[in-house]
Each structure stands twice: as C-alpha cells, then as structure tokens.
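Working through the structure, step by step
What follows is the residue order along each chain.
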Amino acid sequence: MSNFRWNYRSIVFLVLLLDILAILVFSSAKSQAELPKSDVSPTEVEQNKAPEAVVNQTVDTSIAPVTRKKAPNELQDRVTPVSQLLQVAPPANKKAPNNTAGQVTSVSQLSDIKPTDWAFQALQSLVERYGVIAGYTDSTFKGDRSLTRYEFAAGLNAALDRLNELIATSTTDLVKREDLDTIKKLQEEFSPELAQLRGRLDGLEVRNAKLESTQFTTTTKLIGRSQIVLGDLIAGNNVVTKRPAPHNPTLQGVTSLRLNTSFNGKDSLGITIGGGNLESLGQTRAGLLGTYEGRTSDNSSITFPRNTIILSGVRYRFLPFPNTQVNIYPLSDGASEIGLSGPVNPYFESSSVTGANGISRFSRRSLVYNYGDSGPGIAILQGLGKQVQFGIAYSAPNGGNPTANNGLFTGRYLALAQLIYYSGNRNFRVAATYVNTYSPPRTLGFSGTNFGPAVGSNLVNSTVDGVATLGNLYGLQAFYQVSSKLAINAWVSYGVHRYLGRGDGEAMDWAVGLAFPDLFSEGALGGVLVGMEPKLISLSNNVNLGKGFGQADKDTSLHVEAFYQYKIGDHIEVTPGLIWITAPDSDASNPDSLFAWIRTVFRF
C-alpha cells in the first residue's frame, strides 16, 4: 500500500510537471492574453483570511462583477484569471464610460457624425486634410459636449503644430493663406491660455520625473491590509471540560503586506508577509471552546507565536496560452489555487476583490477545500470553451521539510481535480470537486493540524495515534445570481477517511447561503448562512477516535451565521456578525454557543 501511494503521488506530480514543460515548449513566444484593466483585480492581498490562510488566497479571480464597486487599493495580480478570460463572471451593474481619445484618419470613423450634420464638411477637412481631430475609442466625436477654453487652446496648439509640420515638409500649397491668417488671430487671442497650458505641462513633466526617481519600483506593487477585531463569546461551554467558557470581550488585530511583481506583463509573482494576535475560538480538544466549530476566519497562525511576522505566501503565476493559467508555489495551497481562482461562493468566499466577507471559516469553503495546507506544489487551470473550466493541483504541505515522513512525495499531500460549468448568461455556476489526500502519522502542517478540515467536530479532525490517514473527498457546489440584489449558494460534501490498517470513517457537511449585495447602501453586503459543519457520520467498529470504538458523532450541529459588511469610502469596511452553533461538537448535551464579531478592515 505504501509503495502504491508513493507511485501514485509521484505520477500525479510528474504529470503536472510534464504539462508545464509541454506548455512552455509549444507555446508561442508571446501570449495573446489580455491584462486586466488597472483599476483593482488580486484578483489575489489575497489578504482576506488569517495569516495562516493568507497563503490560501489567490488571487484572484474576477468576481467583482457579481459584487460591487471595487476599492482602488485592493490587491491585484497582473495576470488575467482563466474565469475572466472565459468571460464567465456575471456582468457588472455599471460600466465606466470610455473617454480615451485617439487620432482618426477619416471622418467616417466617427459613428456619431453624419453627412447631414451642419459641421460635417468642417470636420472632414480638419480630419482628412490636416489630421488634427481626435475621436474617442468608442468611435464617437461627441460634438455636442461643452468645450472649455483650455480644451480649445490644446486643440488649437495641436492644429498649429500640424500646420507648421505641413509647411516645413510640403512642396505644394496645402495650407491656404486665409487659413493661416485665421489661425494667427486665434493664436493671438488664446495666447494666455496656451502659455498657461505649456506651463502646466512643464510642471507635470517635472513632477513625473520626481515620482519616477523616488518610487519603490516600476514593476512591483506593495499593498497592505490591516484589521481590528472586537469579539466576545456571549454564550457557550468548553466541550471538553463541560464548563462555561470565559466571556471576555477582546480587541485584537492582524496585518499583512503583499508584493506583486510582473516581469513581462503576462506573469505575476506574489509574496505575502503578515502577523497578528487574533486568537482562535478553539481547536480540536483545545482552545476556548475545545472544538473547531464556529472557528472565525481571521485567526492568527496556530504554529507561530502571536505578534510574529511570518512569510505566509509565495506564488508565481503565468499564462502560457490565453485560456491556460499555471501556478507554481513553494508556499501556498493547491486547493486554494484551484478553488479560489474562480470562487463558486463569491459573496462568502473572501477574495481581494470582494474583501473579507464571511465571519467564519466554514461559511467560506466546503469540506473538500479545507484539507489543504500551505506548502509547495503546482496548479493548472484550463478553459474549455467559454463555459467550462478544468483545474488540477498537487500540493505537499510539508514538501519543504526533508525529514522522515515529510518531503514532496513521502509526506502529506493533496491532489485535487475540479470541473466548473458556467451558464451562458453568466449568472449560474456549478462545480464538481474531487480530492485525494494523505497524512503520515504524527505530522503537523502550517495550520497546526495533522489531518482533517480544521473546521467541524473533534472526531472529524481526529486520527488514530501512530497511524497514517488517507482521505477521498467529493464536493458539489452551486451559485445562482437571482438578481443584482440577491444571490443563492449551496454545497454538499462527502469524505471517506481511511485509518490505514484499522478501518474507515465517513464525513459530511452542507450549507445554504443567501447574499444581499448593496443592502441598504451601495457597496454594502448582507449575508445569511445555515449549514452543518463537517462531522463524522460513521466509523468502523475497530477504530477509536476518542469517544469509544465505532463511535461517530451522534447528533447534528447546525451553524447559523449572519453578517453585514458596510464600506466607508474605498479603503475601510466594517463587518459586524454573529455565529450561532447548536449542539456544539455534534453533541446535544452541550449548550449552544453564540459569538459576536465586529471586524474593521483598512486597505492601503
């Protein structure tokens, strides 16, 4: 069995590596992929989770059209995501007008100019005889728009420059004497405006030169994200001690910085560092509640001391073909590189474009994505036409550790495949996901877990001491944008845990969420989600995970969450929310827990 696992993982990794080599060899020298317009995209901080999960952010992703106006300082990668290339995101509610001017060579290029217009002949002469008229990139002239004296002076100056050029280079009488006399009078009348315009241009050139000499870099963008969180456990017991947990309000914070670099305009190198002091509500049989249920999404890393700056993400992304995206990462998460590149759950699944949304980690991601952990690996996304996207990934959470039971092929790993279908009108998407994952005995990853989704009951996150664990996970997720003010998402996941040589366990989770974009205010977002966090629904009789041989979770615990995200300008957002857990640890004898959370995010 051990040899089979090693060969299987080796084959998966080598296939991914060969895919990349083939892409590099056979791709053209220059990709035709378009870059995103520079108003916001990261897509990729990827700074929407705790530092332990910042490595799970990609990018990302273009889900802004299904959300709201984007903040100008949100992290963006230079590479267009596959989902954006496929044009599968729901259409934006608003589209900024295109007022960029461009030189035209024929009056017929201006769609709003007709031969019957009173100024047609004048425009025809200026365009075709002198070449001094510019139109907009939407092929219009907008002749009925008001003109300022400064704009007229700028146009007059362009005409004079063109006439001087014609006079200097021409051997024929292209410029009439009466035209020159008229222009001379205009030049004299507008001389103050022309002089002021030249002065302003000279000043701009000086300022531009100063900025270029003092800027951080011409190819790297530094983006930061800080958040302050006020939290309080209103009700709840520690499920291990069966005693009431402390109800002490806390004020904590976390900060992350990301560097985005492009080397050729068609690639992106992202490096993320961060740190903070946000305590997790609980862990498996540890922490405030003694369980991962109700875990918030903003916790600091479990494996590093609080208030410690850590390198939390490194990823290089490039587009060898317009519909192919390759991610190579020494520190990231394959499940995230695939799952977050086009979120199926965009209003709850946080991204740098939408900002931090869901309060809990469970509300953002289904069970199939949560077994991943940061480490080295490869992920490839391929567009199959305009409505289908396929992705594969291989990650080794301890792939950088050369000791026994670690490394790229002999330690923990996650192999993922996902297929997403988008409707033709772009308001519906459904994803089918399969994950195969393995963990040697007594190995810990970046998030401090050995095996399991790091959300849900204690049993679903438990292993048999000294025994390796293999998992096969299946997930089905869907999203439907009912209208610009309402969206629905849902998922169901199923997993089989094999405690090698001992027996099997079955895990399951599900959720249904409603999102309300622009609720009460433009740019705001309301969300409500109800679901069952991952729990162990069955267990082999010869396996004991802490509650007795063959004992799985006996009751159903419900997760109810509500939040409201309010934007203050383009750089600040405040999100109050509540997390209510019934029958914590899937045990009805435990009283319900209720946690209040107010998160304030600053982007810079």
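In this convention, every chain numbers its residues from 1, walking through the sequence in written order. This being a predicted model, a pLDDT of at least 70 is required before a residue's local features are given, and a value of 80 or more before pairs of side-chain atoms are given or counted; all residues contribute to the totals for chains, interfaces and linings. The basis for every side-chain value is the complete set of non-hydrogen atoms in the structure, without hydrogens or water.

Side note on the overall build of the chain
How we decide: Every helix listed is a DSSP run of H or I at least four residues long, and every strand listed is a run of E at least two residues long, numbered separately from the N terminus. For the exposure calls, accessible area comes from a 1.4 Å probe over protein chains only, and a residue counts as buried if that area is under 20% of its type's maximum, exposed if over 50%, partly exposed in between. Every accessible area reported is derived by Shrake-Rupley at a probe size of 1.4 Å, with residue values counting cover from the shown protein chains alone.
A tally of regular secondary structure across the chain gives eight helices and 18 strands. Expressed as a percentage of its 604 residues, the buried residues of the chain come to 52%. Of the accessible surface of the chain, which amounts to about 26400 Å², a share of 59% is contributed by carbon and sulfur atoms.

Observations regarding the nonpolar core
Looking at soluble globular proteins, one finds that nonpolar side chains tend to be buried together. Here is the rule we go by: Buried Ala, Val, Leu, Ile, Met, Phe, Trp, Tyr and Cys residues that are joined via side-chain atoms within 4.5 Å together make up what is termed a nonpolar core. We call two residues contacting when some pair of their heavy atoms lies within 4.5 Å.
Ranked by internal contacts, the top residues of the largest apolar core, which has 27 residues, are Tyr347, Phe348, Ala515, Leu529 and Trp597. Of all the elements in the fold, those that place two or more residues in this core are strand S3 (220-235), strand S10 (413-422), strand S13 (486-499), strand S14 (503-517), strand S15 (525-539), strand S17 (572-581) and strand S18 (593-603). Residues within four places of Ala515 in sequence aside, it is in contact with Tyr347, Phe348, Lys485, Leu486, Ala487, Leu525 and Gly526. Among the nonpolar cores identified, the runner-up in size contains 17 residues, and Tyr329, Ile338, Ala379 and Leu416 belong to it.

Quick notes on a nonpolar patch on the surface
Heads up, the rule is: For patch building, the residue pool is restricted to those with more than 30% relative accessible area and no salt bridge; the joining distance is 9 Å between like charges and 5 Å between nonpolar side chains (Val, Leu, Ile, Met, Phe, Trp, Tyr). A pair is scored as a salt bridge if a Lys or Arg side-chain nitrogen falls within 4 Å of a carboxyl oxygen belonging to Asp or Glu.
Taken together, Tyr480, Val482, Ile488, Val512, Leu514, Val528 and Val530 make up a surface patch of nonpolar side chains, about 480 Å² in accessible area. At the level of secondary structure, the elements contributing two or more residues to the nonpolar patch comprise strand S12 (469-483), S14 and S15.

Observations regarding the side chain of Asn370
Among the structural elements, Asn370 can be located in the loop between helix H8 (334-339) and strand S8 (375-384). Beyond its immediate chain neighbours, meaning those up to four positions away, Asn370 contacts Arg365, Gly452, Pro453 and Val455.

Some details on the pattern of salt bridges
All chains considered together, the criterion is met by eight salt bridges. Between Asp587 and Lys242 there is a salt bridge; the shortest N-O distance is 3.7 Å. With Asp587 in the loop between S17 and S18 and Lys242 in the loop between S3 and strand S4 (250-261), the pair connects residues that are 345 residues apart, well separated along the chain. Between Asp465 and Arg442 there is a salt bridge; the shortest N-O distance is 3.2 Å. With Asp465 in the loop between strand S11 (428-439) and S12 and Arg442 in the loop between S11 and S12, the pair connects residues that are 23 residues apart, well separated along the chain. What you see here is one network of salt bridges that share partners, running through Lys242, Lys554 and Asp587.

Details of the environment of Leu416
Residue placement: Leu416 occurs in strand S10. Note on Leu416: relative accessible area 4%, which makes it buried. For the pair Leu416 and Gly334, spaced 82 residues apart in sequence, the C-alpha separation works out to 7.4 Å. Excluding residues within four positions of it along the chain, Leu416 makes contact with Ala335, Ile338, Tyr369, Gly391, Ile392, Ala393, Thr433, Tyr434 and Val435.

Examining the pairing of S17
Selection rule: Any two strands with at least two DSSP bridges between them are considered paired.
With burial as the criterion, only one face of S17 is covered, namely that bearing Glu573, Thr575, Gly577, Ile579 and Ile581; the residues Ile572, Val574, Pro576, Leu578 and Trp580 on the opposite face remain uncovered. Bridge count for strand S16 (residues 559-568) against S17 is eight bridges, and the pairing is antiparallel. Among the inter-strand pairings, Ile568 is bridged to a residue of S17, identified as Ile572. Where S17 meets S18, ten bridges bridge the pair, whose relative direction is antiparallel. Residue pairing for S18: Glu573 is matched across the bridge by Val601.

Some details on the pairing of S12
Here S11 pairs with S12 via twelve bridges, running antiparallel. Note on S12: the bridge partner recorded for Val435 is Leu473. The sheet contact formed by S12 and S13 spans 14 bridges and is antiparallel. Residue pairing in the sheet places Ala478 in a bridge with Ala490 of S13.

Here we look at the environment of Ala195
Along the chain, Ala195 turns up in helix H7 (residues 191-214). Separated by 42 residues in the primary sequence, Ala195 and Ala153 have C-alpha atoms spaced 9.5 Å apart.

A word on the confidence of the model for the chain
Here is the rule: pLDDT measures how confident the predictor is about each residue, on a scale from 0 to 100.
Taken over all residues, the pLDDT of the chain has a mean of 76, while the share at 70 or more is 74%. Below a pLDDT of 50 lies the segment residues 23-78, which in the model reaches 243 contacts outside its immediate sequence neighbourhood of four places, other chains included.

Focus: the packing of aromatic side chains
In plain terms, the rule: Pairing of aromatic side chains here covers Phe, Tyr and the six-membered ring of Trp, requires ring centres within 6.5 Å, and sorts the geometry by plane angle: under 30 degrees stacked, over 60 edge-to-face, intermediate tilted.
In total, this model carries 13 aromatic pairs according to the counting rule given. For the ring pair Tyr371 and Phe451, a centre distance of 5.5 Å and an interplane angle of 65 degrees mean the geometry is edge-to-face. Residue Tyr371 is found in the loop between H8 and S8, and its partner Phe451 is found in the loop between S11 and S12; the two are separated by 80 residues along the sequence. Take Tyr371 and Phe451: they sit in the same class, and that class is buried. Aromatic side chains Tyr394 and Phe409 sit 6.4 Å apart centroid to centroid with 35 degrees between the ring planes, which places their arrangement in the tilted category. With Tyr394 in strand S9 (residues 388-395) and Phe409 in the loop between S9 and S10, this residue pair connects regions lying 15 residues apart in the sequence. Chaining the aromatic ring pairs together yields one cluster made of Tyr394, Phe409, Tyr413 and Tyr438.

Topic: unusual backbone geometry
Phi at Ala454 takes a positive value of approximately 60 degrees, unusual for a residue other than glycine. Relative to the helices and strands, Ala454 resides in the loop between S11 and S12. Using a relative accessible area of 7% as the deciding quantity, one classes Ala454 as buried. Positive phi is not limited to glycine here, since Phe520 has a value of about 70 degrees. Within the secondary structure layout, Phe520 lies in the loop between S14 and S15. By relative accessible area, which is 73% here, Phe520 ends up exposed.

Remarks on the environment of Leu384
Mapped onto the elements of the fold, Leu384 is located in strand S8. Exposure remark for Leu384: the relative accessible area of 45% places this residue in the partly exposed category. Through-space distance from the C-alpha of Leu384 to that of Ile420 is 9.9 Å; in sequence the pair is 36 residues apart.

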